[in-house]
Amino acid sequence: LHVDTGAAYLVLPNAKSRIAGYLVIHPSKPSSPPPLNGAILVQCSALKNVVGSAAESEGEGCYHNATTAIPIRVTLEELDYPQPKTPLKTDNDTAAGFANKSMRQKRS
């Protein structure tokens, strides 16, 4: 199972943001990009809260899509389709650094 996350910052009325997720089963090695086969789930929704940055909206999208992927992973494992670690792709370096705990504070 592979999860691709996207977010659009301040695109809706009242300073709201939109998040999206694309979940697909990837049959080959996890290091190669997933083939363009049918998606398991595609979702798009508006964030209920106003966020302060594009990285914050992307982080919320990652969290939402990861919690959505958990029951799908469990179902696949119960159907004897073992799952390795699920890669979660995001296009925002700040959100990825925060999630992977690889951010460093700048000297002040």
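Treat the numbers as computed from the prediction; the structure is a model and nothing was measured.

A. Highlighting the overall build of the chain. The helix and strand tally for the chain stands at two helices and four strands. For the chain, the sequential pattern of α-helices and β-strands runs β-β-β-α-β-α. Per-residue burial for the chain yields a buried fraction of 26% across its 108 residues. In the chain, the proportion of contacts linking residues at least 24 apart, taken out of those at least 6 apart, comes to 57%. Of the accessible surface of the chain, which amounts to about 7,600 Å², a share of 57% is contributed by carbon and sulfur atoms.

B. A look at helix α1 (residues 54–78). The first and last C-alpha atoms of α1 sit 37 Å apart over 25 residues, in line with the 36 Å expected at 1.5 Å per residue. Among the residues of α1, Ala55, Ser57, Glu58, Gly61, Cys62, Asn65, Thr68, Ala69, Ile72 and Leu76 are the ones counted as buried. One or two steps after α1, the chain reaches Asp80, where phi turns positive at roughly 60°.

C. Structural context of the pattern of salt bridges. Under the counting rule described, the total for this entry stands at two salt bridges. In this structure, Lys89 engages Asp4 in a salt bridge whose closest nitrogen and oxygen atoms are separated by 3.7 Å. Residue Lys89 is located in strand β4 (residues 88–89), and its partner Asp4 is located in strand β1 (residues 2–12); the two are separated by 85 residues in the primary sequence. When the shortest N-O distance is used, the salt bridge between Arg73 and Glu77 registers 3.2 Å. With a gap of four residues between them, Arg73 and Glu77 both fall in helix α1, about one helical turn apart. On the basis of relative accessibility, which here comes to 21%, the residue Arg73 falls in the partly exposed class.

D. Broad picture of the nonpolar core. Counting residues in hydrophobic clusters, the biggest one holds seven residues: Leu1, Val3, Leu23, Ile25, Ala69, Ile72 and Leu76. Top element by residues in this core is α1. It accounts for three residues.

Thresholds, definitions, all that
- Residues numbered from 1 in each chain as written.
- Predicted model: local features only at pLDDT ≥ 70, side-chain atom pairs only at ≥ 80, totals over all residues.
- Heavy atoms only, no water.
- Helix = DSSP H or I, 4+ residues; strand = E, 2+ residues; numbered from the N terminus.
- Buried < 20%, exposed > 50% of the residue type's maximum accessible area, 1.4 Å probe, protein only.
- Contact = heavy atoms within 4.5 Å.
- Areas by Shrake-Rupley, 256 points an atom, 1.4 Å probe, with all protein chains shown as cover.
- Expected span 1.5 Å × (residues − 1).
- Salt bridge = Lys/Arg side-chain N within 4 Å of Asp/Glu carboxyl O.
- Core = buried A, V, L, I, M, F, W, Y, C linked by side-chain atoms within 4.5 Å.

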